[in-house]
Amino acid sequence: MQFPKFVYRRGAAPTDRPEPLFTTPLLSRRLGIATPEFLARVKAYVLDLESRDTGMKLSNFGGWHSTGDLFDTRDETMRRLAAELLALAAEMSYFQICDSYPDCVVEPAFFGGSWANVSRDGDFNKPHVHPGVVWSGVFYVDVGDRDPERRDNGCIEFMDPRPGNLHGGKRVVPPEAGQALLFPAWLCHYVNPFFGRGERISIAFNTTAKVSPLA
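First, a word on scope: everything that follows refers to the structure included in this document. What you see is a predicted model; the values in this text were computed from it and never measured.

What counts and how
Within every chain, residues take consecutive numbers counted from 1 along the sequence as written. Local features in this predicted model are restricted to residues of pLDDT 70 or higher, and side-chain atom pairs are both shown and tallied only at a pLDDT of 80 or more, whereas totals for entire chains, interfaces and linings draw on every residue. Heavy atoms from the whole structure form the basis of all side-chain values; hydrogens and water molecules are not counted. Side-chain rings of Phe, Tyr and Trp (the six-membered ring for Trp) are treated as a pair once their centres are within 6.5 Å; stacked means planes under 30 degrees apart, edge-to-face means over 60, and tilted covers the remaining angles. In this text, helices come from DSSP runs of H or I with a minimum length of four residues, and strands from runs of E with a minimum of two, each type numbered from the N-terminal end. Throughout, exposure labels follow a simple rule: accessible area from a 1.4 Å probe, protein chains only, divided by the maximum for the residue type, with under 20% read as buried, over 50% as exposed, and the rest as partly exposed. A cavity here means a set of 1 Å grid points, computed over protein atoms only, where a 1.4 Å probe fits but cannot escape. A pocket is an open set with protein on both sides within 12 Å along at least 5 of 7 lines, and lining residues have an atom within 4 Å of a point. Grid points are joined across faces, edges and corners, and a volume is the space filled by probe spheres set on the points. By this definition, two strands are paired if DSSP reports at least two bridges between them. Among the buried residues, those of types Ala, Val, Leu, Ile, Met, Phe, Trp, Tyr and Cys that are joined through side-chain atoms within 4.5 Å form a nonpolar core. Note on residue categories: nonpolar means Ala, Val, Leu, Ile, Met, Phe, Trp, Tyr, Cys or Pro, charged means Asp, Glu, Lys or Arg, and polar means any other residue, Gly included. By definition in these notes, contact holds between two residues if any of their heavy atoms fall within 4.5 Å. Axis definition: a line fitted to C-alpha atoms, limited for helices to the stretch in contact. Angles are taken between N-to-C directions and run from 0 to 180 degrees.

1. Details of the packing of aromatic side chains
Okay, step 1: Using the criterion set out here, one finds 4 aromatic pairs in the structure.
Okay, step 2: Between the aromatic rings of Phe61 and Phe124, the centroid separation amounts to 4.9 Å while the plane-to-plane angle is 20°, which identifies the pairing as stacked. Of this pair, Phe61 sits in strand β2 (residues 60-61) while Phe124 sits in strand β5 (residues 124-128), and the two are 63 residues apart along the sequence.
Okay, step 3: By relative accessible area, Phe61 is classed as partly exposed at 49%.
Okay, step 4: Aromatic rings pair up to connect Phe71, Phe110 and Phe205 into one cluster.

What follows is the structure in structure tokens.
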């Protein structure tokens with residue numbers, strides 16, 4: 001039997017598209033407050049913490065991982081950042097339920113830790129998930145001076161969560177200063193080794209969200 005060939009051109013639009021069933025959301029947003037001056041203040045805050053705290057060893061291989069109470073602070077810059085990230089978590093939650101509950105109140109909260117990561121030449125994060133929470137996120141403060149010859153240098157990678165999917169793969173996201181990513185906490189991810197000068201600085205956080213339909 002000779003099998004047919006189907007030729008498609010750019011712009012082809014089949015009349016009935018497949019339904020995107022059980023898709024995994026990934027929200028990427030550059031924060032409006034992330035001016036160079038704001039990012040410089042966050043960087044200074046994180047590096048000052050690093051100078052005073054030995055940190056933790058979790059998914060990080062090398063580098064510095066702060067304790068999980070980063071946003072328990074009175075520092076005004078960090079409190080502004082925390083508020084922006086919570087607003088993003090609320091928006092992410094609403095995206096998931098807006099068809100069923102278009103009128104509702106979403107109350108996000110940090111739960112499961114918030115911490116800073118500082119990576120230098122050769123440092124990376126092993127594959128991991130964040131159990132027991134709803135959304136996990138990362139905010140990039142500084143991406144360092146990355147070696148452009150290194151493939152996926154310092155990029156975060158998300159692994160296809162569907163076991164046995166023949167068409168599965170991964171989603172590679174290059175870091176950008178001022179960018180925030182939000183994704184389901186169960187989604188396995190890792191960070192490729194950073195090669196270059198300076199520091200790759202990111203802030204990771206976990207959240208929950210309470211949704212209350214309006215009468």
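That was the structure; now back to the text.
2. Structural notes on the layout of surface pockets
Over the atoms, a rolled probe matching the size of one water molecule traces out where space is still vacant.
Okay, step 1: When its volume is computed, the largest pocket comes out at roughly 390 Å³.
Okay, step 2: Around the largest pocket, the lining comprises 25 residues; the ones closest to its centre are Ser59, Trp115, His128, His130 and Ala204.
Okay, step 3: Among the elements of the structure, β4 (104-119), β5, β6 (135-142), β11 (189-191) and β13 (200-213) are those that each provide at least two residues to the lining of the largest pocket.
Okay, step 4: Take the lining of the largest pocket: its biggest share by element is 4 residues, from β13.
Okay, step 5: Its boundaries defined by the atoms lining it, the second largest pocket holds a volume of some 260 Å³.

3. Here we look at the sheet that holds β5
Okay, step 1: Spatial ordering of the open sheet is given by β2-β5-β11-β8-β9, a layout of 5 strands whose pairing is antiparallel. Here the strands that pair on one side only, and so sit at the sheet edges, are β2 and β9 (170-173).
Okay, step 2: With 2 bridges joining them, β5 and β11 adopt antiparallel strand pairing. Its bridge partner lying in β11, His128 is registered against His189.

4. Structural notes on the pairing of β6
Okay, step 1: Within β6, 7 of the 8 residues are buried, leaving the element largely enclosed by the surrounding structure.
Okay, step 2: Two elements, β6 and strand β10 (residues 179-184), share 5 bridges in a ladder whose sense is antiparallel. Counterpart to Phe139 in the pairing with β10 is Ala180.
Okay, step 3: As judged from the 7 bridges shared by β6 and β13, these two strands associate in the antiparallel manner. Paired with Phe139 across the two strands is Ile203, which belongs to β13.

5. What to know about the nonpolar core
Okay, step 1: Formed by 29 residues in total, the largest nonpolar core has its most connected members in Leu31, Val42, Leu81, Leu85, Phe139 and Ile203.
Okay, step 2: Every element with two or more residues in this core is listed here: α1 (36-52), α2 (76-97), β4, β6, β10 and β13.
Okay, step 3: With 7 residues, the single largest contributor to this core is α2.
Okay, step 4: Counting residues in each nonpolar core, the second largest holds 9 residues, with Ile156, Phe158, Val173 and Val191 among its members.

6. Considerations on empty space enclosed by the protein
Okay, step 1: Under the definition given, this model contains 1 cavity of 30 Å³ or more.
Okay, step 2: Volume-wise, the largest cavity comes out at about 40 Å³.
Okay, step 3: As for the largest cavity, its lining consists of Asn60, Phe61, Gly62, Gly63, Trp64, Asn117, Val118, Ser119, Asp123, Phe124 and Asn125.
Okay, step 4: Contributions of two or more residues to the lining of the largest cavity are made by β2, β4 and β5.
Okay, step 5: Taken together, the residues that form the lining of the largest cavity break down as 4 nonpolar, 6 polar and 1 charged.

7. Some details on the sheet that holds β6
Okay, step 1: The strand order across the open sheet formed by 6 strands is β1-β10-β6-β13-β4-β3, and the pairing between neighbours is antiparallel. Edge strands, defined here as strands with exactly one partner in the open sheet, are β1 (27-30) and β3 (64-65).
Okay, step 2: The pairing of β3 with β4 spans 2 bridges and is classified as antiparallel. Note on β4: the bridge partner recorded for His65 is Asn117.
Okay, step 3: With respect to the sheet, α2 is in contact with β1, β4, β6, β10 and β13, its orientation differing from that of β4 by roughly 125°.

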